[in-house]
Amino acid sequence: MTLVLAIDTATPAVTAGIVSVTDGLATLAERTIVDPRAHAERLTPNVVAALADCDKSMADLDAVVVGCGPGPFTGLRVGMATAAAYGQALGIPVFGVCTLDAIGGATAGEVLVVTDARRREVYWARYRDGVRTDGPAVGAAAEVDTTGVHSVAGPPSHAGLFGLPVTGPEHPSAAGLAGAVADWTVEPEPLIPLYLRRPDAKTLAERGLA
């Protein structure tokens, strides 16, 4: 059995799960806590709890998959740094995927997937039967073209901004993250965060104070 640790901290949901990717996707255990201010505090306990829930250990893992955003700088840094550390310590590959794909891959029809980008904006991508056709991008909800879209997936607080039926999933799941990996047999690309815009924090030079 090929066991994968799937984690994501690109949204307010801190997700960690153990997925078998042999002959399909089977979630053996999953822990998700929605807490936008506690990614660092919640992620490792979620990983440990998920392993305990399915009676597995770190030594049983064959790979790690992590959501690379789009998402806020701080949240992404927590998940991606943790995934890289696990991969290095265990000597196993780490696969990075688009967090929106982990949601959109579980949808059917013409669907818009959105997550909170703050600043009254959303991260978004469009999907047709689970396959991304546009995005990811960031912008105000009013500026997103929804022509032909039948429903919106993501947290209801933001999916509900478009005046269309709201569907699930609300957050990326462990199986969704694993399902976003195209090929487990190839060497994974280096992890690259999908920030889509510069972080809120600026250096002294950028603020003209240096």
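One can find the structure itself at the top, above this paragraph.
Residues numbered from 1 in each chain as written. Predicted model: local features only at pLDDT ≥ 70, side-chain atom pairs only at ≥ 80, totals over all residues. Heavy atoms only, no water.

A.B. asks: I keep staring at the pairing of strand 2 (residues 13–20) and nothing clicks. Help me out?
C.D. replies: The side chains of a regular strand alternate, residue by residue, between the two faces of the sheet. Burial runs high along strand 2: 8 of the 8 residues are buried. Across the two faces of strand 2 the burial is the same, with Ala13, Thr15, Gly17 and Val19 and Val14, Ala16, Ile18 and Ser20 all buried. With antiparallel pairing between neighbouring strands as the criterion, strand 1 (residues 3–8) and strand 2 make up a hairpin whose turn holds 4 residues. Strand direction decides the pairing type here: strand 2 and strand 3 (residues 26–34), joined by 8 bridges, are antiparallel. Directly across from alanine 16, in strand 3, lies its bridge partner arginine 31. Linking strand 2 back to strand 3 in an antiparallel pair, the connection comprises 5 residues, with aspartate 23 at a positive phi of about 55 degrees. (Buried < 20%, exposed > 50% of the residue type's maximum accessible area, 1.4 Å probe, protein only. Helix = DSSP H or I, 4+ residues; strand = E, 2+ residues; numbered from the N terminus. Pairing = 2+ DSSP bridges.)

A.B. asks: Sorry, what's going on with the nonpolar core here?
C.D. replies: Soluble globular proteins: nonpolar side chains tend toward being buried together. Counting residues in hydrophobic clusters, the biggest one holds 24 residues, and the most contacted among them are Leu5, Ile7, Ile18 and Val47. Mapped onto this core, the elements with two or more residues apiece are strand 1, strand 2, helix 1 (39–53), strand 4 (63–67) and helix 2 (73–90). Among the elements that take part in this core, helix 2 stands out by supplying 5 residues, more than any other. For leucine 5, the residues in contact, after removing those within four places along its chain, are Gly17, Ile18, Val47, Leu61, Ala63, Val64, Val65 and Tyr86. Grouped together as the second largest cluster of nonpolar side chains are 13 residues, Ala63, Val97, Ala174 and Ala178 included. (Core = buried A, V, L, I, M, F, W, Y, C linked by side-chain atoms within 4.5 Å. Contact = heavy atoms within 4.5 Å.)

A.B. asks: Even after reading the chapter, I still don't get unusual backbone geometry, so can you show me in this structure?
C.D. replies: One can expect most non-glycine residues to show negative phi and most peptide bonds to be in trans. The omega torsion across glycine 69 and proline 70 is 10 degrees, close enough to zero to call that bond cis. With respect to the helices and strands, proline 70 occurs in the loop between strand 4 and helix 2. A cis amide bond links glycine 135 to the next residue, proline 136, at an omega of 5 degrees. Mapped onto the secondary structure, proline 136 falls in strand 8 (residues 131–139). Despite not being glycine, aspartate 23 has its phi angle at roughly 55 degrees, a positive value.

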